[in-house]
Structures are given as structure tokens and as C-alpha cells.
Amino acid sequence: MPRVKLPIRTLYFGKSVLAALLVVFAWCFFLGSQPKPSLNAHRHQTIHLKPFHQTIRYQAKVTTPSTDTLSSPIGGYIHSIQKHIGESVKQGDAILVIDSPETKKLFIDTFVSYLKAKEQLFSQRKKFKNTQLLYKSDIISADEYSQNQNQLHSQEVDHIQLQYRLKTICSHLQIPWKSVANISLKDTDFFQNMLSKESKVTLYSPNSGLLIPVKDRHTSQDNMFTEGKKIEPGSLIAMVGKPEQIALHLKISGQDIDKIRVGQKAIINPLSGHKRVMGYVHAVHRYHVIDAGNDDESTFPVIIYADCPSTTCPLNIGLNATIDIITESLAQTATIPFSAVHYLDNKAYVMRRNNQGVFVKHPIRVNRSLSSGLLVDQGLASGDIIEQHYPMPKSL
């Protein structure tokens, strides 16, 4: 029988098929030699502790912070100036001194009226005590008793009104109330000393910041104070503010207001995409305000401050921004999968590897549930290895 000679292409194809079959057979043998998976598979996780910050997010517009006003409680003339417009001041710094002869005269007149009312009240109280005895003895009628009682009440009201007026003037003149509370009309030396003293009042800065001028209501020009200038009672002298500071006014819902405290950090993220600015909670108001858009929902005002120099500040007045208030900071926490936690008798534990390499039950404390897992704040340390438990399908 003649030998059939196959083409070279056919021989190469056959060898390729044979090699492929050998590879498949070797792979199947390898899989068959591996242990069969149990009904439960495990995976290990190394613990890395890190701080956890809980935040609350709101939106607001950037505004300028409110400034503190410096007003004159009395009328008079500017005697001397310690700080000028544009200078930096600290809380309690002396700004200017006002000389007020009219206020000194008002103080003496009010003081004399107060002392007279005080003596009249003392006499009226003694008289009313006698009236009470006479009424109990049926010597005077009920009408006379009621008339004396009304006179006593009228004297008490006059005394309280004059006392309040005198305390107010003492506060304006920076005179301690204790130094005048026990003075009587017989203390003539006190009044002579008051007449000889100059009635000067020093105005102090209510806060730290920059001394900013106020606008004159008639000319709309900066109202600069100068020595000798007349000051009306209650007139606005200047303002103390921080021009390199911004403010954001938030409307916080009732479910979040109890989590916010003054001094908490706030991250301000401009919606324009500029870099964020760090701020802090300046004020928290616990009274609720009815939302204009929804009468059924009330909000609570919260003010955020942030230092933002004009040369580098990415936040312009009127710009919208999101504010993340860091309401809580847990020092050492770990986030672990839900499948790693087991519960027994309402207590949580994980399978942690010990020094012998064996996984044993170990108690933990779960702080809260997150979308990525469970937040553990007690029971684990960095470097711990825990076991995750994954149920496998029964078909395997």
C-alpha cells in the first residue's frame, strides 16, 4: 500500500491541537489537587486606626461679619484721642475721652433728688408702721389705712425710678455704685469733691479689630472724630471690625442644632471650584425662626466666621458655598465590614488573630453604622488582623 504524505500545514495544526489538549489536562489536574472549598470562605483584614470626623453640610452666601459699634453714652466734647481711625485695637483699649459738664450737673441734680426720695421713703415707712398699729386698735378707719398704704407705694415707686436713673448716670460716668450708695444729704464733702472734679468719661473698644469710620448721615462722608468736636448723647463714634474676615449665616434644622457648638471647625467649599477655607462656628442661637418658604418648618440661626486676607481670599462677598461643620471627632476608630462582626447576648465581637496565629473571639464596641461598614471606636488596635466571614452558596 503506498504511503500517504500529509501536507506540512496539516502536521502543524495537529501538533497545536495536541499541545492545547495537554495544557487543558494539566490545568484540570492542578485544580483537582487543590482542597475543595468549604461552605464558608474567609478573608483577613489588617486594622488601621484613624480619626473619624462627623460633619453636617449646609449652603450659604458669603457676607461680611457684623461689626461692634462704639457709641457715646453721654453728650459733651472730645477731650483727647488715644486711638485714631484705621488703627488696630484690642478689646478694652481706650479710644477717646469725652468731657461732659452737662452730665456732671445732671448727676448732682439726680443724686440730690434720689437722697431726698430716700429720706421721704424712710419717714413714710415709719409713719405707715404707726398707721398699722392704729388700724389694729380700731382708732382709724379702713379708708385712712388704705390712703397711707397708697402713699407708701407711691414713695417706693419714686425711689426706685430715681435709683435706676442715678445708677445709669453712674455707669456712664464710670462711678462705682458702692461709692455713692450710702451717701446722705449731710455728706457735703462728697458734693464739693464732685463739683471740683472734671467730668471726663473714657470710651473703650468693645472688641479687638480695626477702628472703622462711620458715615455721616447728612453728607455720607466718613465721620472722623477730632479733639474739641461736640458729641451728642447716644451718637455713633466709630465701628470696630475685621475687614479680612468673612461670615456665613446658616439656617440649621431642628434635628442638627443640638450637635453644633461654638468653636467647632467648619470647612467652607466655594461652589465656584476655588480652594476651600477653614472657619469656625462663631455663634449658635437656640431660638427657632419660622422658615419663610415653609411655615411648618422652623430653623435655628448659626454664624460661621473665617479669616480670609483680601490678597489671597478665594471667597467673594455674595458667593455661594457649602459649609461642612465638624460636629464630632472620635480619636481612634476603624471601619470594618458588616460581615466581620458577630453578635452574642447583644454584644459585638470579631474573630481576631492572637499571638499564636489562632483567630479567637474578641469583644468590640460599635459606635455607629456607616455606608461603608461599621465604625468601631473601642476594642481594636492598629495592626490587628480580623477575619471576615462570607457564606458560600450550597451548590459549591
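Residues numbered from 1 in each chain as written. Predicted model: local features only at pLDDT ≥ 70, side-chain atom pairs only at ≥ 80, totals over all residues. Heavy atoms only, no water.

(A) Quick peek at the nonpolar core. Among the nonpolar cores identified, the biggest contains 31 residues, and L96, F107, F111, F225 and I237 are the most heavily contacted of them. For this core, the secondary structure elements donating two or more residues are strand 4 (76-81), strand 6 (94-99), helix 2 (101-136), helix 3 (142-172), strand 7 (200-204) and strand 12 (236-241). Ranked by residue count, the leading element in this core is helix 2, at six residues. Apart from residues lying up to four places away in sequence, F225 is in contact with I78, I81, K83, H84, I85, I95, L96, L211, I237 and A238. (Core = buried A, V, L, I, M, F, W, Y, C linked by side-chain atoms within 4.5 Å. Buried < 20%, exposed > 50% of the residue type's maximum accessible area, 1.4 Å probe, protein only. Helix = DSSP H or I, 4+ residues; strand = E, 2+ residues; numbered from the N terminus. Contact = heavy atoms within 4.5 Å.)

(B) Up close: the environment of D377. Secondary-structure assignment places D377 in strand 22 (residues 373-378). Along the primary structure D377 and T333 are separated by 44 residues, whereas in three dimensions their C-alpha atoms are 4.5 Å apart. Other than its neighbours up to four places away in sequence, D377 contacts Q332, T333, R365 and N367. A polar atom in the side chain of D377 sits 3.0 Å from the side chain of R365. Here N367 takes part through its side chain, which lies 2.9 Å from a polar atom of the side chain of D377. (Polar contact = N/O pair within 3.5 Å; in protein donor to acceptor, adjacent residues only side chain to side chain.)

(C) How the structure looks around the packing of aromatic side chains. Applying the stated criterion across every chain yields a total of six aromatic pairs. Centroid distance F107 to F111: 5.6 Å. Interplanar angle 40°. Geometry classified as tilted. Taken together, the positions of F107 and F111, both in helix 2 and four residues apart, correspond to about one turn of that helix. For F107, a relative accessible area of 1% translates into the label buried. For F111, a relative accessible area of 0% puts it in the buried group. Residue placement shows K361 over the ring face of Y349; its charged tip is 5.2 Å from the ring centre. (Phe/Tyr/Trp six-rings, centres within 6.5 Å; stacked < 30°, edge-to-face > 60°. Lys NZ or Arg CZ within 6 Å of the ring centre and 35° of its normal.)

(D) Examining the pattern of salt bridges more closely. Using the criterion set out here, one finds seven salt bridges in the structure. For D384, the salt bridge goes to R352, with nearest N and O atoms at 3.5 Å. Of the two residues, D384 is situated in the loop between strand 22 and strand 23 (385-391) and R352 in strand 20 (residues 347-353); the sequence distance between them amounts to 32 residues. We classify R352 as partly exposed; its relative accessible area is 25%. (Salt bridge = Lys/Arg side-chain N within 4 Å of Asp/Glu carboxyl O.)

(E) A look at the packing of helix 2 against helix 3. Helix 3 packs onto helix 2 with a crossing angle of 155° between their chain directions and a minimal axis gap of 8 Å. Here helix 2 is positioned roughly antiparallel relative to helix 3, judged by the angle of their axes. Considering how the two elements wind past one another, helix 2 and helix 3 form a crossing that is left-handed. Considered class by class, the residues forming the contact of helix 2 with helix 3 number 15 nonpolar, 13 polar and five charged. (Axes fitted to C-alpha atoms, helices over the stretch in contact; angles between N-to-C directions. Parallel < 35°, antiparallel > 145°, perpendicular 65-115°, else oblique. Left-handed = near helix turned anticlockwise from the far one by under 90°. Nonpolar A, V, L, I, M, F, W, Y, C, P; charged D, E, K, R; others polar.)

(F) Focus on helix 3. Given a rise of 1.5 Å per residue, 31 residues ought to cover 45 Å, and the 46 Å separating the end C-alpha atoms of helix 3 matches this to within 8%. Considering only its buried residues, helix 3 is in contact with helix 2 and helix 4 (178-181). Once helix 3 finishes, Q174 follows within two positions and takes phi at roughly 60°, a positive value. (Expected span 1.5 Å × (residues − 1).)

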